[in-house]
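If you want the building blocks of each chain, they are given just below.
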Amino acid sequence: MDRNEIAERLTGVLVSELGLEQDKIKDEAHFEEDLDVDSLGVVELLMALEDEFDVKIPDEEAESIVTVGQAIDLVQGKLGG
């Protein structure tokens, strides 16, 4: 799965699970500052990503995720990309 496909699916999760506006979701967008996603929302997002992509994201890795691009890169790494 390439990065663009991961980004599209991640965007879909952000829109459906967290109710975010699709046009605000960019690689450089910070979850808390730019998208107004609190720490609980980030946890919910990571759980949704685990389900969506069938990957496991350990807490220590999850703590380093602050932007949409970092989340995409993490999933891509988990999928062997």
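Attention in this report is confined to the structure presented alongside it.

1. Some details on helix α2 (residues 39-53)
Phase 1: Compared with an ideal rise of 1.5 Å per residue, which puts 15 residues at 21 Å, α2 spans 21 Å between its outermost C-alpha atoms and is within 8% of the ideal.
Phase 2: All of the buried residues along α2 are Gly 41, Val 42, Leu 45, Leu 46, Ala 48, Leu 49, Glu 50 and Phe 53.
Phase 3: The elements touched by buried residues of α2 are α1 (3-18), α3 (59-62) and α4 (68-78).
Phase 4: Following α2 by one or two positions, Asp 54 adopts a phi angle in the positive range, close to 55°.

2. Here's the deal with the pattern of salt bridges
Side chains bearing opposite charge may pair, as long as their charged atoms lie close to each other.
Phase 1: Taken as a whole and judged by the stated rule, the model has 6 salt bridges.
Phase 2: For Glu 50, the salt bridge is made with Lys 56, and the minimal N-O distance between the two is 3.8 Å.
Phase 3: Here Glu 50 falls in the buried class, since its relative accessible area comes to 15%.
Phase 4: Between Glu 61 and Lys 78 there is a salt bridge whose closest N-O contact spans 3.0 Å. Here Glu 61, found in helix α3, pairs with Lys 78, found in helix α4; they are 17 residues apart in sequence, far enough to count as distant.
Phase 5: Of the residues examined, Glu 61 reaches a relative accessible area of 27% and is grouped as partly exposed.
Phase 6: What makes Lys 78 partly exposed here is its relative accessible area of 32%.
Phase 7: Three or more residues joined by partner-sharing salt bridges are found here, namely Arg 3, Asp 27 and Asp 73.

Rules of the game
- Residues numbered from 1 in each chain as written.
- Predicted model: local features only at pLDDT ≥ 70, side-chain atom pairs only at ≥ 80, totals over all residues.
- Heavy atoms only, no water.
- Helix = DSSP H or I, 4+ residues; strand = E, 2+ residues; numbered from the N terminus.
- Expected span 1.5 Å × (residues − 1).
- Buried < 20%, exposed > 50% of the residue type's maximum accessible area, 1.4 Å probe, protein only.
- Contact = heavy atoms within 4.5 Å.
- Salt bridge = Lys/Arg side-chain N within 4 Å of Asp/Glu carboxyl O.

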